[in-house]
Amino acid sequence: MSPQLPPVAPAVTAALVAALSPRLRRRLDSGVAKLADRPVVRDGDVVRIAVDDDTDLELHAPGGAVREADAVRCGCLLAPDCLHRAAAASLAPVAEETDSPAGPDDSATEEAAAQAPETASPKQRATVRAVQLAASAVLEAGTDGAGAVLQAELLRAAHTARLAGLHRAAATAVSVVTALRAARAADPAYRLTDLAAGLYDVLCVAHRLPSASGGELTALRGTARQPYRPDGSLRLYGLFSEPVLTTSGYAGAVTWTADAEGRLYQVSDVAPGGAGRATGAADRAVRIGDTALTHRELARAGLAVSGATVSPTGRLGAGAGVRAVRAPGAGWHEEPSARLWAEPVPDQIARALTGGPDLLFLDVTLTGTAAEAAGHCLLADCAGVPLRLTAAHDDPALPHRDNLRLLSAARGTRLRVVARLSPAPHPRAELLATEHPTRSDTRLDIGLDRLTGADLPTTAATPPEPLPVPVSDEAPIHLLRRRVHQTVSGGRPVLALPGDTRADARRLRRSGLATAAGLLTDLHSAAADRAHDVFGRLRPTDPDRFARAWLAAAHYTTEVDRALCLAAWTS
């Protein structure tokens, strides 16, 4: 397997694409496709791509990422104005700009931001407008039409937003570009729902920020990086580890722990890399204090930390003043870990849906497997609620799907599990960790440990043939949600195709969803709105109107899905 290209900073990609002539811009997507098939070798901080038998292109990535345009060098006759440099930057993962070393005035900058006026500055409003226009162009084009040029425009807007202190808009815009590249490359890790959620968030921020104030404005601006605050001494108990593998080119492992009160903390080891790093990081020593514990060991042991620093999301810092030593752990049926499973499931769902940790601690009984469009899911009963447990990753290097397939043969087995909520109109979650099906004193990390047939109960049969998931008698909100997702994949042209949408609108109204029916009609109307000038020529489209119609529909389906999810778990 060829080495992966190093991440490239958004500003570098934007600058290289902007420097191309109009003729070369039109050829950029084909240039990216050709470069993707060329051999790649790594030599320290330098990655070389063989453009042809006589020409190499180099990406110099000191510190693991390309931060300057001059660090992308091509040996062809047209360099530095050639297509190859921009194609390489467009092919590489997007570097996280917050990964760069903090400057000496970062703390002062954050303090100034906290004391900023109660409304967005003119510069911020202009900047977020540029983000809005770039994201609207992506939405209008869809994944098939949002090639490297549109991606570069969104990266340029993201970089400018970051410089203006709009860190949430910048980070979300970068995530949209990453998802677009995964979609266009047919990456198995790509999920349409993730791209839709990213576009929704960036357009929502751009829509709300100009008129926001106070706490809402602070939340919409976001922060450059998670601030770590002193938290004294901590006594932590390992829960499980999960691999991290992102489409942006980062990989590693995260180990989850809890204190005596049930608060969750994470120890993370994530850096540029692929699936090999995701599986190997579990056996690396955790980066905190002087402990020699690996992530796999910490998941089943404990940790005593002094001088701890913690981010708002519970991530433990690894500063020079932090000390940590190994301590005894606790089983999932022992205190204090057991209190996580004692929390009522409806309370856990409500917490996850309102911005709290999205981990669920459940007691389930396995009931079989079912076939879905995205693959097979494991069926389970959770206190009388039929639950679908899915794979957190589809990469074949990780054992998620194989483990779910084997567990489906252990029907009737009662297990204590950890899962991540997947908001849906039916109970659904990604399985992350579980008790061993035959050894009660053993826990399994679904993304790291591989089950075999010998691990199953002796009465377990061959994994059963999956059954189609029965169609539930739920409100037909999917009629609107489907159009929201079709827009993301196909753009305006898909919704502008001739067709009668009145039947779907009538069905929504009959189900009491008059607002959904109106939003569906508005979305199709905005897509088909192409006025003619006095000479009969089509006028340019109005991306603002189309983006507003899509944003309204996406917001409505998001809120309805959240309500249906809570109702499904609590009914």
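Preceding block: the structure.
In this numbering scheme, every chain counts its residues from 1 along its sequence in written order. Residue-level local features of this predicted model are given only where pLDDT is at least 70; pairs of side-chain atoms are given and counted only at 80 or more, and the full residue set underlies all totals for whole chains, interfaces and linings. Where side-chain values are given, they derive from all heavy atoms of the structure, hydrogens and water being excluded.

Trainee: Account for a negative patch on the surface, naming residues and giving values.
Mentor: Candidates for patches are residues over 30% relative accessible area with no salt bridge; among them, like charges are joined within 9 Å and nonpolar side chains (Val, Leu, Ile, Met, Phe, Trp, Tyr) within 5 Å. Using a 1.4 Å probe, the Shrake-Rupley method yields the accessible areas, and only the shown protein chains count as cover for residues. For this analysis, a salt bridge means a side-chain nitrogen from Lys or Arg found within 4 Å of a carboxyl oxygen belonging to Asp or Glu. Neither His nor the chain termini are counted; the positive set is Lys and Arg, and the negative set is Asp and Glu. One atom stands in for each charge, and that atom is NZ of Lys, CZ of Arg, CG of Asp or CD of Glu. Residues Asp52, Asp53, Asp54 and Asp56 make up a contiguous surface patch of negative charge. With respect to the secondary-structure elements, aspartate 54 resides in the loop between strand S2 (46–50) and strand S3 (56–60). A simple rule labels every residue: compare its accessible area, found with a 1.4 Å probe on the protein chains alone, to the largest value its type can have, and call it buried under 20%, exposed over 50%, or partly exposed in between. Given a relative accessible area of 75%, aspartate 54 falls into the exposed group. Secondary structure counts use DSSP, requiring at least four H or I residues in a row for a helix and at least two E residues in a row for a strand, with both numbered from the N terminus.

Trainee: So, the sheet that holds S2: which residues are in play, and what are the values?
Mentor: Any two strands with at least two DSSP bridges between them are considered paired. Read across the open sheet, the 4 strands follow the order S1-S2-S3-S4; overall the sheet is antiparallel. Each edge of the open sheet is held by one strand with a lone partner, namely strand S1 (40–43) and strand S4 (72–74). Across the sheet, the mean angle separating the axes of adjacent strands is 20° when strand polarity is ignored. Where S1 lies against S2, 4 bridges are found, and the strand directions are antiparallel. Bridge assignment links arginine 42 to a residue of S2, and that residue is valine 47. The convention used is that axes are lines fitted to C-alpha atoms, helices contributing only their stretch in contact, and that angles between N-to-C directions extend from 0 to 180 degrees.

Trainee: Which residues make up the sheet that holds strand S5 (residues 229–245), and what values do they have?
Mentor: Taken in spatial order, the 5 strands line up as S7-S6-S5-S8-S9 in an open sheet, and their pairing is antiparallel. The sheet is open, and its two edges are formed by strand S7 (264–272) and strand S9 (323–327), each paired on a single side. Ignoring strand direction, the axes of neighbouring strands in this sheet form an average angle of 35°. Inspection of the sheet shows strand S6 (residues 250–258) paired to S7 by 9 bridges, in the antiparallel sense.

Trainee: Requested: an account of the pairing of S7, with residues and values cited.
Mentor: Where burial is concerned, most of S7 is hidden: 7 out of the 9 residues are buried. Turn length for the S6-S7 hairpin, with the two strands adjacent in sequence and antiparallel, is 5 residues, and the turn residue glycine 262 shows positive phi of about 90°.

Trainee: If you had to explain the pattern of salt bridges to someone new, which residues and values would you point to?
Mentor: Within this structure, the stated rule accounts for 31 salt bridges. Residue glutamate 343 is joined to arginine 351 by a salt bridge in which the shortest nitrogen-to-oxygen separation is 3.3 Å. Among the ionic pairs, aspartate 504 bridges to arginine 482, the shortest N-O distance being 3.6 Å. Taken as a pair, aspartate 504 in helix H18 (residues 502–510) and arginine 482 in helix H16 (residues 478–490) lie far apart in primary sequence, 22 residues in all. Three or more residues are tied together by salt bridges with common partners; here these are Asp283, Arg296, Arg300, Asp445 and Asp449.

Trainee: I'd love a proper account of the packing of helix H3 (residues 28–36) against helix H4 (residues 83–91), names of residues and values included.
Mentor: Two numbers describe how H3 lies on H4: the axes approach to 9 Å, and their chain directions differ by 70°. By the angle class used here, H3 and H4 are roughly perpendicular. Residues Leu28, Gly31, Val32, Leu35 and Ala36 of H3 form the contact with H4, whose participating residues are Leu83, His84, Ala86, Ala87, Ala88, Ser90 and Leu91. Along the lines of polarity and charge, the residues of the contact of H3 with H4 split into 9 nonpolar, 3 polar and no charged. Orientation is classified from the angle alone, with under 35 degrees giving roughly parallel, over 145 giving roughly antiparallel, 65 to 115 giving roughly perpendicular, and any other angle giving oblique. Any two residues having at least one pair of non-hydrogen atoms within 4.5 Å are treated as being in contact. All amino acids are sorted into three groups, where Ala, Val, Leu, Ile, Met, Phe, Trp, Tyr, Cys and Pro are nonpolar, Asp, Glu, Lys and Arg are charged, and the leftover types, Gly among them, are polar.

Trainee: Tell me about the environment of leucine 379, and name the residues and values.
Mentor: Topologically, leucine 379 is positioned in strand S11 (residues 375–382). For the pair leucine 379 and leucine 366, spaced 13 residues apart in sequence, the C-alpha to C-alpha distance is 6.1 Å. Residues in contact with leucine 379, not counting those within four places in the same chain, are Thr365, Leu366, Thr367, Gly368, Thr369, Ala370, Leu387 and Arg388.

Trainee: Got a sec to walk through the nonpolar core? Specific residues and values, please.
Mentor: In these notes, a set of buried Ala, Val, Leu, Ile, Met, Phe, Trp, Tyr and Cys residues joined through side-chain atoms within 4.5 Å is what counts as a nonpolar core. With 62 residues, the main nonpolar core has Leu139, Leu154, Leu199, Leu209, Leu480, Trp550 and Tyr556 as its most contacted residues. For leucine 154, the contacting residues outside a window of four places in its chain are Val131, Ala134, Ala135, Val138, Ala173, Val176 and Val177. If you look at the next biggest cluster of nonpolar residues, it comprises 32 residues, including Leu5, Ala9, Cys76 and Ala88.

Trainee: Outline the side chain of serine 422, listing residues and values.
Mentor: Its location among the elements puts serine 422 in the loop between strand S13 (414–421) and strand S14 (428–435). For serine 422, a relative accessible area of 14% gives the class buried. Discounting residues that sit within four places of it in the chain, serine 422 has contacts with Arg428, Ala429 and Glu430.

Trainee: With reference to specific residues and values, describe H18.
Mentor: Those residues of H18 that sit buried are Asp504, Ala505 and Leu508. Viewed end-on, H18 has its buried residues packed into an arc of 100°, placing them on one side of the element. Turned more than 90 degrees from where H18 packs its buried face, Arg502 and Arg510 sit exposed. Turning to H18, the residues buried within the fold contact H16 and helix H19 (514–528). Within two residues after H18, glycine 512 carries a phi angle of roughly 85°, on the positive side. Each direction from the helix axis to a C-beta atom contributes to the arc, which is the arc of those directions.

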